[in-house]
Amino acid sequence: MTDYFRRHLGAKLLLSYLVIILVGVAVLIVASQFILPASFNRHMAGMGTMMGGQGQGQGWGGHTGAPPFYSEFRAGFNEALLYAALAAAVVAIVLGFYLSRSVTAPISAMSLAAERIAAGRYDERVQVHGADELAQLAMRFNQMAEKLNEVESMRRQLIGDVSHELRTPLTAIKGSMEGLMDGVLPATQDTYQQIHAEADRLNRLVDDLQELSRVESQAYQLDLRPVEVSSIVTTVTKRLAPQAESKRISFDLDLASDLPRVLADEDRAVQVLTNLTGNALQYTPEAGRVTIAAKQVNHEVQISVRDTGVGIPSEHLPHIFDRFYRADKSRSRRSGGGSGIGLTIARALVEAHGGRLWAESAGEGKGSTFTFTLPLAK
Ligand SMILES: Nc1ncnc2c1ncn2[C@@H]1O[C@H](COP(=O)(O)OP(=O)(O)O)[C@@H](O)[C@H]1O
Ligand SMILES: [Mg+2]
């Protein structure tokens, strides 16, 4: 029995109503037993004076024995009390039943929905009635379910994308190997080079994926310190100089002279700028120009990489930061492009610093500009 009450919110509510009624009745009874005699006396005495003193002495002293009309009155009073208590109890039971139903029904519904979600049915939602705390809870519950649904579909999408990306180089390697075994492909240096390049692609893809998962789950520590922007830029231009030279592209630097230091993890900032500059070199034809500029805007420093390359058609602009997104897959592959994860990683890194990363391009063949911000060191 007590177990039943402990486990049912409705029973608890009902019980609390009944306890309140019982305590109320008990208080009324005790109070009336003390107050009633004195009050009765006072009224009888008042009636006596009204009747010209004839009623003097008719009051009841409490110890001298009750006159019959007092016990009549008391019986009547107690009867009224009994009916009142019964009526209150009935109202309490009915009210308690409906109230507890209105509280427990949505909770049970949510409990059921939670069970279904736990079993993998992420489209489960509960109905929201009214605007009280329970309705708010139901609303939050639905929001949570929505979020879970999103995460789940992202996970599925990711697995699909990754398998697709892995399949392309694997198919190429397998095809070449079969060609070699069947003697269809000549066993030349060229063939081996091709296979090696595909294996290399596979390797880079796995590295990128590992990095992406680390960055997105924030499983790394940002070592934030005041850093000179010029030091970041110099590191990157030195690192990419051979690549730029081989394409006869010259780096132009346009750094504001009074540039303040930024608060950043230098290695990570270098990684972002390397990524953007590497893309600029990759997507700019020979003898083009790549300009790295930096200037202070309000409380941040904007660092941008501008190129005179192939540009990005406006329909691709909103997507290039998505995982595996490449504006032109065939060209990206031919030119030894990556897996389309580089910009996703770069954006996640910039956002971890509290900055933003965006792209602008006037269109195909008109070059592109990638800009990111880093907060000033205080
Ligand atoms: N500087 C650029 N000029 C033109 N297109 C670019 C540039 N940088 C990035 N893109 C486009 O954005 C896509 C995604 O870039 P990224 O994430 O670095 O992937 P990828 O591995 O292909 O370089 C690229 O495939 C390319 O289509
Ligand atoms: Mg890239």
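On a predicted model such as this, the values are computed, not experimentally measured, just so you know. (Residues numbered from 1 in each chain as written. Chains lettered and ligands numbered in written order. Predicted model: local features only at pLDDT ≥ 70, side-chain atom pairs only at ≥ 80, totals over all residues. Heavy atoms only, no water.)

Details of the pattern of salt bridges
Per the stated rule, a full pass over the model turns up 15 salt bridges. For Arg225, the salt bridge identified is with Asp223, shortest N-O distance 3.1 Å. Among the residues examined, Arg225 registers a relative accessible area of 49% and is labelled partly exposed. Asp223 gets classed as partly exposed once you look at its relative accessible area, which sits at 38%. (Salt bridge = Lys/Arg side-chain N within 4 Å of Asp/Glu carboxyl O. Buried < 20%, exposed > 50% of the residue type's maximum accessible area, 1.4 Å probe, protein only.)

As for the confidence of the model for the chain
Taken residue by residue, the chain gives an average pLDDT of 87. The fraction at 70 or more is 93%. Across the chain, the element-wise mean pLDDT spans from 55 in helix α8 (residues 329-334) up to 98 in strand β7 (residues 368-375). The low-confidence segment residues 53-59, where pLDDT is below 50, has five contacts with residues more than four positions distant or belonging to other chains. (pLDDT = per-residue confidence, 0-100. Helix = DSSP H or I, 4+ residues; strand = E, 2+ residues; numbered from the N terminus. Contact = heavy atoms within 4.5 Å.)

Concerning helix α9 (residues 342-352)
All buried positions along α9 are accounted for by Gly342, Leu343, Thr344, Ile345, Ala346, Leu349 and Val350. Buried positions along α9 lie against α5 (189-216), α7 (266-282), β6 (357-361) and β7. Trailing α9 by a residue or two, Gly354 shows a phi angle of about 85 degrees, which is positive.

Let's talk about the packing of aromatic side chains
Within the structure shown, the criterion is met by three aromatic pairs. A centroid spacing of 6.3 Å and a plane angle of 70 degrees characterise the contact between Phe321 and Phe370, whose relative ring orientation is edge-to-face. Remark: Phe370 occurs in strand β7 and Phe321 occurs in the loop between β5 (300-307) and α8; sequence separation between them is 49 residues. Here the two residues Phe321 and Phe370 agree in accessibility, since each one is buried. One cation-aromatic arrangement involves Arg268 over Tyr220; the distance from NZ or CZ to the ring centre is 4.7 Å. A cation over a ring is seen here: Arg347 above Phe321, with NZ or CZ 3.9 Å from the ring centre. (Phe/Tyr/Trp six-rings, centres within 6.5 Å; stacked < 30°, edge-to-face > 60°. Lys NZ or Arg CZ within 6 Å of the ring centre and 35° of its normal.)

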